[in-house]
Amino acid sequence: MSLGYASAIIISSGFLDSLARYSIEFMAWQWRRNINSQLHSKYFHHQNYYYILFEIDNPDQRMTQDVENFCGTSSSILYSCVTGPIIITLYTYLTWRHIGYFAPLIIYSYFFVGYFLNRLILSHISRITFIQDKLEGNFRFAHARVRASSEMIAFYKGDEAEKDNIDEKFDVLLKNKLSIVHWHWALTAASNFFTYFGSIVNYIVVAIPVLWGSSVYSVSEVSSNSFLCLQLVYGFSLFLNVSELFAQTAGSTSRIAQLLETFENRPAILFLKNFKAEDAEPDPFVPPTRYMAESDSTVDFFHFENVTVYTPKGQILLKNLNLRLEQGSSVLVMGPSGVGKSSLLKVISGLWCSYYGIITRPPEQINNRWNIFFMPQRPYLLNGYSVKEQLTYPHPVRSSAHESLSDEKVAELLEKVQLTGVFQRLEKEKKILEEDNNNMWVDQLSPGEKQLLSFARLFFHRPRFALLDEATCHLPQETEVKMYEECRALGISVISVGHRDSLAVHHDFVLRIFADHN
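Residues numbered from 1 in each chain as written. Predicted model: local features only at pLDDT ≥ 70, side-chain atom pairs only at ≥ 80, totals over all residues. Heavy atoms only, no water.

Residues and numbers for the packing of helix α5 (residues 102-148) against helix α7 (residues 159-196), please.
To describe two helices that pack against each other, one gives the angle between their axes and the distance between the axes. Contact geometry for α5 and α7: axes closest at 9 Å, N-to-C directions at 165 degrees. As the angle between them shows, α5 and α7 are arranged roughly antiparallel. Seen along the crossing, α5 lies across α7 with a hand that is left-handed. Across the contact of α5 with α7, the residue classes break down as 24 nonpolar, twelve polar and five charged. (Axes fitted to C-alpha atoms, helices over the stretch in contact; angles between N-to-C directions. Helix = DSSP H or I, 4+ residues; strand = E, 2+ residues; numbered from the N terminus. Parallel < 35°, antiparallel > 145°, perpendicular 65-115°, else oblique. Left-handed = near helix turned anticlockwise from the far one by under 90°. Nonpolar A, V, L, I, M, F, W, Y, C, P; charged D, E, K, R; others polar.)

Requested: an account of a negative patch on the surface, with residues and values cited.
Taken together, the side chains of D159, E160, D164, E168 and D171 make up a negatively charged region of the molecular surface. The topology assignment puts E168 in helix α7. The exposure class assigned to E168 is exposed, which follows from its relative accessible area of 53%. (Patch = residues over 30% accessible without salt bridge, like charges linked within 9 Å, V, L, I, M, F, W, Y side chains within 5 Å. Areas by Shrake-Rupley, 256 points an atom, 1.4 Å probe, with all protein chains shown as cover. Salt bridge = Lys/Arg side-chain N within 4 Å of Asp/Glu carboxyl O. Lys, Arg positive; Asp, Glu negative; His and termini not counted. Charge placed at Lys NZ, Arg CZ, Asp CG, Glu CD. Buried < 20%, exposed > 50% of the residue type's maximum accessible area, 1.4 Å probe, protein only.)

For the packing of aromatic side chains, give the residues involved together with the corresponding values.
Taken as a whole, this structure holds ten aromatic pairs when the rule is applied. On the basis of an interplanar angle of 65 degrees and a centroid distance of 6.1 Å, the ring pair of Y43 and Y49 is categorised as edge-to-face. Residue Y43 is classed as buried on the basis of its relative accessible area of 15%. Between F44 and Y49 the ring centres are 5.9 Å apart and the planes differ by 45 degrees, which places this aromatic pair in the tilted class. Look at F44 and you get exposed, because its relative accessible area is 55%. With a relative accessible area of 35%, Y49 lands in the partly exposed category. Among the aromatic side chains, those forming a connected cluster through ring pairs are Y22, F26 and W29. (Phe/Tyr/Trp six-rings, centres within 6.5 Å; stacked < 30°, edge-to-face > 60°.)

Quick rundown of the pattern of salt bridges? Include the residues and the values.
Going through the model one piece at a time under the given rule, you end up with ten salt bridges. As a salt-bridge pair, E264 and K42 come within 3.0 Å of each other at their nearest N and O atoms. Of the two residues, E264 sits in helix α10 (residues 243-264) while K42 sits in helix α1 (residues 2-43), which places them 222 residues apart along the sequence. Between R62 and D57 there is a salt bridge, with its nearest N and O atoms 3.1 Å apart. The residues R62 and D57 share a single accessibility class, namely buried. Shared partners join several salt bridges into a network, and the residues in it are D57, R62, D66 and R255.

Quick one: what's the story with the sheet that holds strand β10 (residues 493-497), residue by residue and with numbers?
Spatial strand order, β8-β9-β10-β4-β11: five strands in an open sheet with parallel pairing. Single-partner strands in this sheet number two, and they are β8 (372-375) and β11 (509-512). Between one strand axis and the next, the sheet turns through 15 degrees on average, direction left out of account. The pairing of strand β4 (residues 331-334) with β11 spans four bridges and is classified as parallel. Directly across from V333, in β11, lies its bridge partner L511. (Pairing = 2+ DSSP bridges.)

Describe the confidence of the model for the chain, naming the residues involved and giving the relevant values.
Residues of the chain with pLDDT of at least 70 account for 82%, and the chain-wide mean is 76. Considering each helix and strand of the chain separately, the mean pLDDT is smallest for helix α16 (residues 430-435), with a value of 46, and largest for helix α18 (residues 477-489), with 90. Note that pLDDT drops below 50 for residues 267-291; the model gives that stretch 61 contacts with residues more than four away or on any other chain. Ignoring residues within four places in sequence, the model shows residues 431-437, a span with pLDDT below 50, making eleven contacts including any to other chains. (pLDDT = per-residue confidence, 0-100. Contact = heavy atoms within 4.5 Å.)

I'd like to hear about the pairing of strand β3 (residues 316-326), residue by residue, with values.
The side chains of a regular strand alternate between both faces of the sheet. Two strands pair when backbone bridges link them, and strand β2 (residues 301-310) and β3 are joined in this way by seven bridges, in the antiparallel orientation. Note that in β3 the partner of Y310 across the bridge is I316. What sits between β2 and β3 in their antiparallel hairpin is a turn of five residues, with G314 showing a positive phi close to 105 degrees.

Tell me about the side chain of Q61, and name the residues and values.
Tracing the sequence through the fold places Q61 in helix α3 (residues 59-81). We classify Q61 as buried; its relative accessible area is 0%. Here the side chain of Q61 touches R255 through a polar contact of 2.9 Å, side chain to side chain. Aside from chain neighbours lying at most four places away, what touches Q61 is D66, D133, E136, G137, R140 and R255. (Polar contact = N/O pair within 3.5 Å; in protein donor to acceptor, adjacent residues only side chain to side chain.)

I'd like a rundown of the side chain of T95, residues and numbers included.
Mapped onto the elements, T95 comes out in helix α4 (residues 84-98). Setting aside residues up to four positions removed in sequence, T95 forms contacts with G100, A103, P104, L228, C229 and L232.

Provide a residue-level description of unusual backbone geometry, including the pertinent values.
Note the cis peptide between Y393 and P394, where omega equals 15 degrees. Within the secondary structure, P394 is located in the loop between α12 (387-392) and α13 (400-404). The backbone of N58 shows a phi angle near 45 degrees, a positive value even though the residue is not glycine. Relative to the elements of secondary structure, N58 occurs in the loop between α2 (48-51) and α3.

Any chance you could break down the nonpolar core for me, citing the residues and the numbers?
Ranked by internal contacts, the top residues of the largest apolar core, which has 37 residues, are L453, F455, L458, F459 and L468. Of all elements in the fold, only β4, β8, α12, α14 (407-416), α15 (420-428), α17 (447-461), β9 (465-469) and α18 reach the threshold of two or more residues within this core. In terms of residue count, α17 provides more of this core than any other element does, seven residues in total. Residues in contact with L453, not counting those within four places in the same chain, are L381, L391, L414, L419, F423, W441 and L445. One finds V307, L325, V339 and I359 within the second-largest nonpolar core, a separate group that totals 27 residues. (Core = buried A, V, L, I, M, F, W, Y, C linked by side-chain atoms within 4.5 Å.)

Printed below as a string of structure tokens:
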């Protein structure tokens with residue numbers, strides 16, 4: 001009977017412990033799902049992924065590694081502390097009742113000293129852990145940059161330069177990590193000291209009523225009182241022993257909180273922060289001196305009225321621009337490097353707010369179709385996407401626009417941009433398109449072929465206006481001519497940035513920006 005009872009207790013204890021661990025791990029999973037869901041909603045809201053890069057470092061690390069570390073470590077802390085309050089409450093009452101008020105008072109005082117000492121050490125660990133997470137992100141980003149630019153680095157024979165750069169980041173990382181190791185040792189030593197010395201405190205507490213009390217205690221009563229004190233010491237030890245877990249999660253918690261604060265501070269106006277424009281009088285950010293209006297769908301023009309463009313730090317790029325561009329007309333923006341040609345496109349698209357004047361433009365979308373479309377010098381193509389998905393981007397894969405694009409239309413678009421032969425070659429190389437789970441076929445395209453695929457995307461969306469930022473710089477002149485002719489045939493008005501004089505014949509106006517910003 002006693003054996004069965006003991007077996008039942010053992011089995012029940014094992015089951016309850018595994019259930020507690022499962023519950024904590026499930027809670028960590030739920031936390032991560034909720035936190036990342038909230039972060040992603042804010043991150044992809046009104047181009048926040050672009051603006052926060054000017055405010056904080058490595059947002060990708062904060063939403064991946066830091067969130068995972070926070071949820072996993074927090075669940076471990078919760079598991080360690082779930083029984084602590086119950087034990088402390090129960091044995092505080094029992095020690096008070098069987099020994100006297102001084103017993104819990106002495107133990108509480110002892111561990112409060114330990115708590116404040118641990119807190120002092122934790123403040124240093126939290127600070128250097130925050131720095132360590134930033135250094136780890138920079139180190140990882142340096143390796144990712146080498147991977148993404150490996151071909152260019154190989155052409156430059158930049159092995160030594162890249163190695164020196166990464167080794168320097170690694171040395172700084174290791175130096176800070178060593179500081180963490182030293183402080184962790186101090187924290188562990190302090191926690192162990194108060195835990196192990198707690199047994200001596202127990203004997204002191206038990207000895208007080210025996211040596212100086214008026215009552216006579218039996219051996220069994222002394223043993224029972226000692227057990228009660230040890231259990232109260234154990235309850236406090238649970239909290240001290242998780243100090244290192246608190247230290248591990250402190251840096252991640254700070255970085256995630258900083259990310260959330262950045263989102264809450266409305267990153268869409270980050271460029272206005274600390275902005276002091278050269279010769280800006282009156283204040284460029286008091287309406288109506290700075291105003292961008294989107295016209296309704298019946299108005300098809302761009303209008304710039306006394307627009308002066310600045311860098312986010314306040315340096316003048318372009319002065320007093322007055323221009324009206326109707327649909328059906330095209331303009332070429334030319335000038336030396338660094339005068340603000342691409343910056344003008346950023347202002348037109350709404351990415352930069354560092355300007356004053358009045359800009360009127362058509363709406364970006366009409367009836368869920370793009371009305372203004374941007375093409376950068378370096379096309380944005382995604383590995384893991386099919387050709388059809390590349391063409392319909394930025395529409396979601398499950399959108400009606402994606403479903404409406406037939407295979408015949410895909411073939412027609414590829415023929416327009418002279419890529420039919422290229423994709424026939426890729427289709428023959430089954431390993432590239434089918435066997436590779438990551439579908440890395442985009443990496444097989446040359447820079448010029450990527451620009452042509454970007455034009456195929458433009459022709460699919462067929463917007464009324466296109467902003468082309470050096471979008472043909474990798475194309476031969478005869479191919480460039482065909483792309484602009486197709487734009488005109490489709491009724492796409494273009495605002496181009498370029499250096500080639502041959503581009504002028506494809507535009508109705510040329511806007512030249514000189515070194516004096518005029």
